Amino acid sequence: NSPVVVIMIPICQKWGKNVGISPAQLLVPLSFASILGGTCTLIGTSTNLVVAGLLTSAYPDDPEMQMGLFDLGQFGVPIAFIGMSYIIIASPYLLPGGIRKDDAAAPIDDGTLLLGARLTKWSPAVGRTVKRSGLRDTGGVYLVSVYRARSGNIHR
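Sequence positions are assigned chain by chain, starting from 1 and proceeding in written order. Note on the predicted model: pLDDT of at least 70 is required for a residue's local features to be given, and 80 or more for side-chain atom pairs to be given and counted; whole-chain, interface and lining totals, by contrast, use all residues. Side-chain measures here rest on the full set of heavy atoms in the structure, leaving out hydrogens and waters.

## Describing the overall build of the protein
Part 1 of the reasoning: Helix numbers and strand numbers start at the N terminus; a helix is a DSSP run of H or I with at least 4 residues, a strand a run of E with at least 2. For the protein, the count of helices and strands is five helices and four strands.
Part 2 of the reasoning: Only protein chains enter the accessibility calculation, which uses a 1.4 Å probe; a residue whose area is less than 20% of its type maximum is buried, one above 50% is exposed, and one in between is partly exposed. The proportion of buried residues among the 156 residues of the protein is 20%.
Part 3 of the reasoning: Residue pairs at least 24 apart in sequence account for 51% of intrachain contacts in the protein once pairs closer than 6 positions are excluded.
Part 4 of the reasoning: Accessibility throughout is a Shrake-Rupley quantity obtained with a 1.4 Å probe, and a residue counts as covered only by protein chains that appear here. Per element, the accessible surface of the protein, about 12,200 Å² overall, is 65% carbon and sulfur. Note on definitions: a residue-residue contact is assigned when non-hydrogen atoms from the two residues lie within 4.5 Å.

## Notes on the confidence of the model for the protein
Part 1 of the reasoning: Here pLDDT means the predictor's own confidence in every residue, given as a number from 0 to 100. This prediction gives the protein a mean pLDDT of 81; 85% of its residues lie at or above 70.
Part 2 of the reasoning: Mean pLDDT across the elements of the protein ranges from a minimum in strand β4 (residues 154–155), with 66, to a maximum in helix α3 (residues 46–58), with 91.

## Some points on the packing of helix α1 (residues 2–19) against helix α2 (residues 23–37)
Part 1 of the reasoning: Here α1 crosses α2 at 150°, and the two axes come no closer than 10 Å. As summarised for this structure, α1 and α2 are arranged roughly antiparallel, according to the angle between their axes. In this structure, α1 meets α2 at a crossing whose hand is right-handed. Of the residues in α2, those touching α1 at V5, M8, I9, C12, Q13, W15 and G16 are L26, L27, L30 and S34. The convention used is that axes are lines fitted to C-alpha atoms, helices contributing only their stretch in contact, and that angles between N-to-C directions extend from 0 to 180 degrees. Just so you know how the angles are binned, under 35 degrees is roughly parallel, over 145 roughly antiparallel, 65 to 115 roughly perpendicular, and the rest oblique. When the near helix sits turned anticlockwise from the far one by under a right angle, the crossing is termed left-handed; a clockwise turn instead gives a right-handed crossing.

## Looking at the packing of α2 against helix α4 (residues 73–94)
Part 1 of the reasoning: Running from N to C, α2 and α4 point in directions that differ by 170°, and their axes come no closer than 9 Å. With respect to α4, the element α2 is oriented roughly antiparallel. Contact residues: Q25, P29, F32, A33, L36 and G37 in α2; I79, A80, G83, M84, I87, S91 and P92 in α4.
Part 2 of the reasoning: Within the contact of α2 with α4, the residues separate by chemical class into nine nonpolar, four polar and no charged. Each residue receives one of three labels: charged for Asp, Glu, Lys and Arg, nonpolar for Ala, Val, Leu, Ile, Met, Phe, Trp, Tyr, Cys and Pro, and polar for the others, Gly being one of them.

## Side note on α2
Part 1 of the reasoning: Taking 1.5 Å per residue, 15 residues should reach 21 Å; α2 reaches 21 Å between its end C-alpha atoms and fits that length.
Part 2 of the reasoning: Among the residues making up α2, those that are buried are Q25, L26, P29, L30, S34 and L36. The buried residues of α2 occupy an angular sector of 160° when the element is viewed end-on, so they sit on one face.
Part 3 of the reasoning: The elements touched by buried residues of α2 are α1 and α4. A helix is expected to span 1.5 Å for every residue after the first. Working note: the arc is built from the helix axis to C-beta atom directions.

## Structural notes on a nonpolar patch on the surface
Part 1 of the reasoning: Like-charged residues are merged into a patch within 9 Å and nonpolar side chains (Val, Leu, Ile, Met, Phe, Trp, Tyr) within 5 Å, provided each residue has over 30% relative accessible area and no salt bridge. We define a salt bridge as a side-chain nitrogen of Lys or Arg found within 4 Å of a carboxyl oxygen belonging to Asp or Glu. On the surface, a nonpolar cluster with roughly 420 Å² of combined accessible area is contributed by I43, L49, L69 and F70.
Part 2 of the reasoning: With respect to the element layout, L49 can be found in helix α3.
Part 3 of the reasoning: Relative accessible area serves as the criterion here: at 44%, L49 is assigned to the partly exposed category.

## Description of the environment of L49
Part 1 of the reasoning: On a C-alpha basis, the gap between L49 and M67 in space is 9.3 Å, while along the polypeptide they are 18 residues apart.
Part 2 of the reasoning: Residue contacts for L49: discarding those within four places in its chain leaves L42 and I43.

## Notes on the environment of A33
Part 1 of the reasoning: Along the polypeptide, A33 turns up in helix α2.
Part 2 of the reasoning: Taking relative accessible area as the criterion, A33 reaches 23% and is therefore assigned partly exposed.
Part 3 of the reasoning: Residues A33 and V5, spaced 28 residues apart in sequence, show a C-alpha to C-alpha distance of 9.5 Å.
Part 4 of the reasoning: Discounting chain neighbours no more than four positions away, the residues touching A33 are M84 and I87.

Put into structure tokens, the structure is as follows:
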């Protein structure tokens, strides 16, 4: 189940961004759907395999106590169907709504990221201006300002 969820995460994130739904509205139900889907087959979860192994160990000569690949489906499919129906109905009310496209006060995510860094004492940029340090525009990173701890000044 984990590989399926890992593959679906970027798909759900992109889909949510395109339709204006919070990632929580999609990723949490994805996780629960994966768990419920694992109850449908013997190889759906590791727990199913452990139980099948224990049954085989406890009753090695009894063919009725052996578990086939789809034997759990008679119980798992209805439970998965009911569980996923509940997820579809209840998740909009139970999970955080997040930002919607029609929300006028929503912040715009333009892909920028604000970072802070601390220079070591032996750095060649220590004591220099932003321009002289050579750190203004390097490798896709744009240095906006420098905060000097000793003086408390901000240099732009």
